[in-house]
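What follows is each chain in one-letter form.
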Amino acid sequence: MSRLADTPLSVLDLAPITRDGTAAETFRRSVDLAQQTERLGYNRYWLAEHHNIDGIASAATSVLIGHIAGATTTMRIGSGGIMLPNHPPLAIAEQFGTLATLYPDRIDLGLGRAPGSDGITMQAMRRDPRAGVNDFPDRLDELRRYLGDTVPGQRVRAIPGEGTHVPIWLLGSSGYSAQLAARLGLPFAFAGQFAPGYMIEALHLYREGFQPGVLDKPHAMIGIPLIAADTDERARFLATTQQQKFLNLIRGKSTRTQPPVENLDWSPQERAMVAQNLGAAVVGGPESVRQQLENLLEQTGADEIMVNTDCFDHADRVKSYEILAEVQRASR
């Protein structure tokens, strides 16, 4: 019995800027990727909030979500995620209430606690350095109130926003958000695309502690890096692009997307660190990808998979999603 056959597949777009590219080119590629993956039957298309990172163009996340939603018709579009401690909950409720009003039943609001950047940028954003440590549940509760039904005597309202009940997901790479999502009966997404080490434990904590709330039963999604190509050899070659990105991040260099290379010049320690970041990566030709995904689903019991494909050439990126969709169809 194939688990992959019935597992929804979704897209995580980190809006990558290529080595000599521009943000405008990134946005055009994102629109094309969203339209192509919608045609292929992918379930969701999420974008992530990052700031002051020269290789990522999704800083104004809600604006880009609206742009992608306007260029598609059926796929759910959302955030993976909005870093809630960076913003007043009212502002996020108004932004996503606006999106949900423009695109009914198509908007997701994934939330995280991290700043999505460094300390200097946190200061520029006027973020309290202590935010997210102890006050995240309170901020989340405030946000949910704004998106819920108005109550008598409520003095502050999100207009638009109130009554939209935008679906909220909690995102995380540790046990904190897993346990909070469980306690509130919310769906949970684990960030295995960059920090897979705690995945199994976080999913266990989520399911073990789940209490019915918004959901009657737990729903866990895992994010993973995935490169699919015609052959294992070709996929491994293309995967050097994502390896270079993490290597440059370790070295404090530009994270702009680089062309694939035959060989990487790295130390054993750097290689081990990159391997740790990409520990959940699925790389290979169709049959290899199928086997790896079936094994991953067996290990995690994930209800949904969100794939981040990081290729230098846009055509290779689109083809990877095409191959994955065909692999799933063939497993049915």
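Higher on the page you've got the structure.
Residues numbered from 1 in each chain as written. Predicted model: local features only at pLDDT ≥ 70, side-chain atom pairs only at ≥ 80, totals over all residues. Heavy atoms only, no water.

Trainee: Is there a simple way to explain the pattern of salt bridges in this structure?
Mentor: When charged atoms on two side chains of opposite charge get close, those side chains can pair. Counted under the stated rule, the structure contains 16 salt bridges. Of the charged contacts, one joins Glu322 and Arg39 as a salt bridge, the two residues approaching to 3.6 Å between their closest N and O atoms. Remark: Arg39 occurs in helix α1 (residues 23-40) and Glu322 occurs in helix α12 (residues 314-330); sequence separation between them is 283 residues. Given a relative accessible area of 30%, Glu322 falls into the partly exposed group. On the basis of relative accessibility, which here comes to 54%, the residue Arg39 falls in the exposed class. With its nearest N and O atoms 2.8 Å apart, the salt bridge here joins Arg251 to Glu270. Remark: Glu270 occurs in helix α10 (residues 268-277) and Arg251 occurs in helix α9 (residues 240-251); sequence separation between them is 19 residues. Taking relative accessible area as the criterion, Arg251 reaches 34% and is therefore assigned partly exposed. Members of the salt-bridge network, linked through shared partners, are Arg44, Arg76, Asp108 and Glu304. (Salt bridge = Lys/Arg side-chain N within 4 Å of Asp/Glu carboxyl O. Helix = DSSP H or I, 4+ residues; strand = E, 2+ residues; numbered from the N terminus. Buried < 20%, exposed > 50% of the residue type's maximum accessible area, 1.4 Å probe, protein only.)

Trainee: Which parts of the structure should I look at to understand the pairing of strand β9 (residues 304-308)?
Mentor: Each regular strand displays side chains that alternate between the two surfaces of the sheet. Taking burial as the measure, the 5 residues of β9 include 5 buried ones, the bulk of the element. The two faces of β9 match: Glu304, Met306 and Asn308 on one face and Ile305 and Val307 on the other face are all buried. The pairing of strand β1 (residues 9-13) with β9 spans 3 bridges and is classified as parallel. Its bridge partner being in β9, Val11 is matched across the sheet by Val307. Bridging between strand β7 (residues 220-228) and β9 involves 5 bridges; their strand directions are parallel. Paired with Met221 across the two strands is Glu304, which belongs to β9. (Pairing = 2+ DSSP bridges.)

Trainee: What is the right way to read unusual backbone geometry from this model?
Mentor: Most of the time, phi is negative for any residue but glycine, and the peptide bond is trans. A cis amide bond, omega 5°, links Gly80 with the succeeding residue Gly81. Positionally, Gly81 belongs in strand β3 (residues 76-83). The phi dihedral of Asp105 falls on the positive side, at around 60°, and the residue is not glycine. When you line up the elements, Asp105 lands in the loop between α3 (89-102) and β4 (107-112). Residue His165 is not a glycine yet carries a positive backbone phi of 50°. Mapping His165 onto the fold places it in the loop between α5 (136-147) and β5 (168-172). Judged by its relative accessible area of 44%, His165 is partly exposed.

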